[in-house]
Amino acid sequence: MVRLDQPLSRPQTQKENRADWLERLITISRSLSSTLNLPPLLDRIVTAAQELTQTEFCSILLIDHRSGQLYFKAATNLPGVHSIVVPMESIAGSVVQTGKPLIVPDTSKDARFYNKVDEQTHITTRSILAVPLIARDEVIGVLEAINKDDGGDFTAEDIELLTLLGDQAAVAVQNAILFQQSDLIAEIVHEMRTPLTAIISYADLLQRPGVTSAQCCQFAGIIQHEADRISGIASSFLDLARLESGRAHLTKGRVDPSTVIYMAVNVLTPQADDKQISLLVDVPDALPLVTGDAQRLHQVMLNLVGNAIKYCQAGDSVTIKAESEQDRLTISVADTGPGIPADALPHIFERFYRVPGTESKASGAGLGLIITQKIIEAHGGEIAVSSEEGHGATFTFTLPVESQ
Ligand code: ADP
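Thresholds applied
Residues numbered from 1 in each chain as written. Predicted model: local features only at pLDDT ≥ 70, side-chain atom pairs only at ≥ 80, totals over all residues. Heavy atoms only, no water. Helix = DSSP H or I, 4+ residues; strand = E, 2+ residues; numbered from the N terminus. Buried < 20%, exposed > 50% of the residue type's maximum accessible area, 1.4 Å probe, protein only. Contact = heavy atoms within 4.5 Å. Areas by Shrake-Rupley, 256 points an atom, 1.4 Å probe, with all protein chains shown as cover. Salt bridge = Lys/Arg side-chain N within 4 Å of Asp/Glu carboxyl O. Axes fitted to C-alpha atoms, helices over the stretch in contact; angles between N-to-C directions. Parallel < 35°, antiparallel > 145°, perpendicular 65-115°, else oblique. Left-handed = near helix turned anticlockwise from the far one by under 90°. Nonpolar A, V, L, I, M, F, W, Y, C, P; charged D, E, K, R; others polar. Polar contact = N/O pair within 3.5 Å; in protein donor to acceptor, adjacent residues only side chain to side chain. Domains from an automatic or database assignment. Expected span 1.5 Å × (residues − 1). Pairing = 2+ DSSP bridges. Phe/Tyr/Trp six-rings, centres within 6.5 Å; stacked < 30°, edge-to-face > 60°. Lys NZ or Arg CZ within 6 Å of the ring centre and 35° of its normal.

## A few points about the overall build of the protein chain
Line of reasoning, step 1. Helices and strands together make up the secondary structure of the protein chain, namely nine helices and 13 strands.
Line of reasoning, step 2. Here the C-alpha coordinates of the protein chain stretch approximately 90 × 60 × 35 Å along the principal axes.
Line of reasoning, step 3. In the protein chain, buried positions account for 47% of the 404 residues.
Line of reasoning, step 4. Partitioning the intrachain contacts of the protein chain with sequence separation of at least 6 by distance along the chain shows that 65% fall at a separation of at least 24.
Line of reasoning, step 5. Carbon and sulfur atoms provide 52% of the accessible area of the protein chain, an area that totals close to 20,600 Å².

Below, the structure is given as structure tokens:
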């Protein structure tokens, strides 16, 4: 088995150095193609990059095609760096735009240096070597090495090694992303099998001799319900696949969050009334605008408030709150319903996940929350849930606010 955790001792002469490092690079490259699981793959890449360039930190940034933004995805020795968005005007952004490696020997003298990462992680970035990750002629991200261990400058050899590693890494990363998508297809086929089996069985029963007209109606109703379910799964699945692959086109504009909230409340009030659930809105008069896709944000509100109504019972209430603080808008949807058991909470945003026992209470595909999460992330926001079983659930998401 290939071991990545055994660093090579520092070579003695320049010649040995190059040969040894290239050999090491081949070993690392082979190990990269042996996993299709994206998070550990990214960790391996940054660990290898740090070893090859002998630097204090290495990080990998990937372009999110939904938003077109560059995100930190993994880093060595830099807790908290994950998910930081880096603007295209940054050093990494210029590597994306030129598709060429870049050395910045002194970040304090380069206006492109984006110091928010240093602020958040409490490190000091003095120098950077950044190479593009190119797969199938497309730049998919950037691999960065930060601060040589010996305090010196990056060399031509560092560029060569990091570029060679970046080439291998890009292919492995793209394969892992494609694999995630094929995994999704396997899951959808699996999920559709249950309603399909019901349809086949009831269609068969319908044709049996002696079926009464009341039974015919009942079986036809079940067939209709299961067919609707397949149709719902198919459209949610397509939506998710588009969001995950970056093919979902977000039409971004200036959006008033209050309008989005009240529109969703208007749509869902009849359902809430039918179930005798009260919908309460606690939104200040003037909320700052956000940059986003109004339709998609409407979908987020429909999913969260719709779920709250779906899982609550008569007498329960659902409260939608919004508040803004500095550059963030926070919206929460809190209900007094059954809540979510502690052991289910970590899985709640997984594809097709439904809390055990949900099936008998309410219909659904288990895709609403992951779609909601993807939409919020595509807007540069985050979503979280807090709940105690028997005491309701609160979903809270943030969105960046437009600078005034
Ligand atoms: P669906 O509602 O179609 O099952 P979601 O992805 O929207 O799928 O939700 C996943 C699961 O999370 C649901 O099946 C349900 O078990 C649980 N859930 C979501 N929202 C709530 C809520 N407000 N209260 C209790 N459980 C919830």
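## Here we look at the pattern of salt bridges
When charged atoms on two side chains of opposite charge get close, those side chains can pair.
Line of reasoning, step 1. One pass over the full model with this rule turns up eight salt bridges.
Line of reasoning, step 2. The partner of Lys 148 in a salt bridge is Asp 158, with the nearest N and O atoms 3.0 Å apart. Separated by 10 residues along the polypeptide, Lys 148 in strand β6 (residues 138–148) and Asp 158 in helix α5 (residues 156–206) bring together distant segments of the chain.
Line of reasoning, step 3. With a relative accessible area of 5%, Asp 158 lands in the buried category.
Line of reasoning, step 4. Across the salt bridge formed by Arg 229 and Glu 226, the nearest N and O atoms sit 3.3 Å from each other. Of this pair, Arg 229 and Glu 226 both sit in helix α6 (residues 213–245), separated by three residues, roughly a single helical turn. Of the two residues, Arg 229 and Glu 226, neither departs from the other in class, the shared state being buried.

## Focus: the packing of α6 against helix α9 (residues 368–378)
Line of reasoning, step 1. For the pair α6 and α9, interaxial distance at closest approach is 10 Å and the crossing angle is 30 degrees. It follows from the interaxial angle that α6 and α9 lie roughly parallel. In this structure, the crossing between α6 and α9 has a hand that is left-handed. Residues Ser 236, Asp 239, Leu 240, Leu 243 and Glu 244 of α6 touch α9, and the partners they reach there are Ile 370, Ile 371, Lys 374 and Ile 375.
Line of reasoning, step 2. Across the contact of α6 with α9, the residue classes break down as five nonpolar, one polar and three charged.

## What about the side chain of Thr 76?
Line of reasoning, step 1. Relative to the helices and strands, Thr 76 is located in the loop between β2 (69–75) and β3 (85–86).
Line of reasoning, step 2. Side chain to side chain, Thr 76 and Gln 50 meet in a polar contact 3.0 Å long.
Line of reasoning, step 3. Excluding anything up to four places from it in sequence, Thr 76 contacts Val 46, Thr 47, Gln 50, Glu 56, Phe 57 and Cys 58.

## Topic: the domain arrangement of the protein chain
Line of reasoning, step 1. Domain annotation for the protein chain reports domain 1 (14–179) and domain 2 (250–404).
Line of reasoning, step 2. Taking only C-alpha atoms, the centre of domain 1 and the centre of domain 2 are 36 Å apart.

## Observations concerning α6
Line of reasoning, step 1. Under the 1.5 Å per step criterion, the end-to-end length of α6 is 47 Å for 33 residues, consistent within 8% with the ideal 48 Å.
Line of reasoning, step 2. Of the residues making up α6, those classed as buried are Phe 219, Ile 223, Glu 226, Arg 229, Ile 230, Ile 233, Phe 237, Asp 239, Leu 240, Ala 241, Leu 243 and Glu 244.

## Some remarks on the sheet that holds strand β10 (residues 317–325)
Picture the strands of a sheet paired through backbone hydrogen bonds; they go either parallel or antiparallel.
Line of reasoning, step 1. Within the open sheet, the five strands sit side by side as β8-β10-β11-β13-β12. Their pairing is mixed. In the strand order of this sheet, the two ends are held by β8 (278–282) and β12 (382–387), each with one partner. Neighbour-to-neighbour, the strand axes of the sheet open up by a mean angle of 15 degrees, direction not taken into account.
Line of reasoning, step 2. The strands touched by helix α8 (residues 294–311) within the sheet are β8, β10, β11 (328–335), β12 and β13 (393–400), with β11 carrying the most contacts at an inclination of about 25 degrees.

## Quick look at the packing of aromatic side chains
Line of reasoning, step 1. A full pass over the atoms with the stated rule returns two aromatic pairs.
Line of reasoning, step 2. Between the aromatic rings of Tyr 202 and Phe 219, the centroid separation amounts to 5.4 Å while the plane-to-plane angle is 50 degrees, which identifies the pairing as tilted. Residue Tyr 202 is located in helix α5, and its partner Phe 219 is located in helix α6; the two are separated by 17 residues in the primary sequence.
Line of reasoning, step 3. Judged by centre distance (6.3 Å) and plane angle (85 degrees), the rings of Phe 349 and Phe 395 are edge-to-face. In this pair, Phe 349 sits in the loop between β11 and α9 while Phe 395 sits in strand β13, placing the two residues 46 residues apart along the sequence.
Line of reasoning, step 4. You can call Phe 349 buried: its relative accessible area is 16%.
Line of reasoning, step 5. Sitting over the ring of Tyr 71, Lys 73 keeps its end group 5.6 Å from the ring centre.

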